[in-house]
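# Observations on the three-dimensional arrangement
Chain residues, written in single-letter form:
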Amino acid sequence: MKTTLLEGKKPAHFDKHIIGNLLLNVSTPDLVRQEKLIIGIRNEAGEIYRLIGATKHNSFMNAIEELFDLGLVDELQDSDATQDGCDAIFSEAA
């Protein structure tokens, strides 16, 4: 899986846990967006600051499971539609 930080966006305080728990290769935003499935991560300001791209559905599901284990919630869990180009968007529970 590939990941990128979006320019000008502040990483969330829990970002180090994402990096520590998922096997991610740092890439460019353009290359990450070319992946089949995209996960967005929101910071405390509500901005998507990190993108994670997965080629395989299995990798995508494993990443989602890890993010749930970190206590994050998927805003698109009950939706079949993508939002902001993402198949899932994780943030801290309110």
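Higher on the page you've got the structure.
Let me begin by describing the structure that accompanies this report.

What counts and what doesn't
Residues numbered from 1 in each chain as written. Predicted model: local features only at pLDDT ≥ 70, side-chain atom pairs only at ≥ 80, totals over all residues. Heavy atoms only, no water. Pairing = 2+ DSSP bridges. Helix = DSSP H or I, 4+ residues; strand = E, 2+ residues; numbered from the N terminus. Contact = heavy atoms within 4.5 Å. Axes fitted to C-alpha atoms, helices over the stretch in contact; angles between N-to-C directions. Core = buried A, V, L, I, M, F, W, Y, C linked by side-chain atoms within 4.5 Å. Buried < 20%, exposed > 50% of the residue type's maximum accessible area, 1.4 Å probe, protein only. Phe/Tyr/Trp six-rings, centres within 6.5 Å; stacked < 30°, edge-to-face > 60°. Lys, Arg positive; Asp, Glu negative; His and termini not counted. Salt bridge = Lys/Arg side-chain N within 4 Å of Asp/Glu carboxyl O. Polar contact = N/O pair within 3.5 Å; in protein donor to acceptor, adjacent residues only side chain to side chain.

### Let's talk about the sheet that holds strand 3 (residues 37-42)
Ordered in space as 2-1-4-3-6-5, the six strands form an open sheet in which the pairing is mixed. Only two strands of the sheet have a single partner each, and these edge strands are strand 2 (25-26) and strand 5 (72-74). Bridge analysis of strand 3 against strand 4 (residues 48-54) gives six bridges, and the strand direction is antiparallel. Its bridge partner lying in strand 4, I38 is registered against G53. Taken strand by strand, helix 3 (residues 57-69) contacts strand 3, strand 4, strand 5 and strand 6 (88-92), and its axis lies near 20° from that of strand 3.

### Some words on the nonpolar core
Counting residues in each nonpolar core, the largest one holds 18 residues, and the members touching the most others are I18, I39, I41, L67 and F90. When contributions to this core are tallied by element, the ones reaching two or more residues are strand 3, strand 4, helix 3 and strand 6. Ignoring any residue separated from it by four or fewer positions in sequence, one finds I18 in contact with L24, I41, Y49, R50, I52, L67, L70 and L72. With eight residues, the next largest nonpolar core counts L6, L51, C86 and I89 among its residues.

### Notes on the packing of aromatic side chains
As enumerated under the stated definition, the model contains one aromatic pair in all. Here F68 and F90 contribute two aromatic rings whose centre-to-centre distance is 5.2 Å and whose plane-to-plane angle is 75°, an arrangement assigned as edge-to-face. Within this pair, whereas F68 is found in helix 3, its partner F90 is found in strand 6, the two being separated by 22 residues in sequence. Overall, F68 belongs to the partly exposed group, its relative accessible area being 34%.

### Observations regarding the pairing of strand 4
Burial analysis of strand 4 places seven of its seven residues in the buried class, the great majority of the element. For strand 1 (residues 2-5) and strand 4, the ladder comprises four bridges, and the chain directions are antiparallel. Looking at the pairing, T3 lines up with I52 of strand 4.

### Overview of the side chain of D74
Within the fold, D74 resides in strand 5. Buried within the structure, D74 lacks any salt-bridge partner; its nearest side chain of opposite charge belongs to R42, at an N-O separation of 8.9 Å. Side-chain polar atoms of D74 contact the backbone nitrogen of I89, separated by 3.1 Å. Among all residues touching D74, those that are not within four sequence positions of it are F68, A88, I89 and F90.

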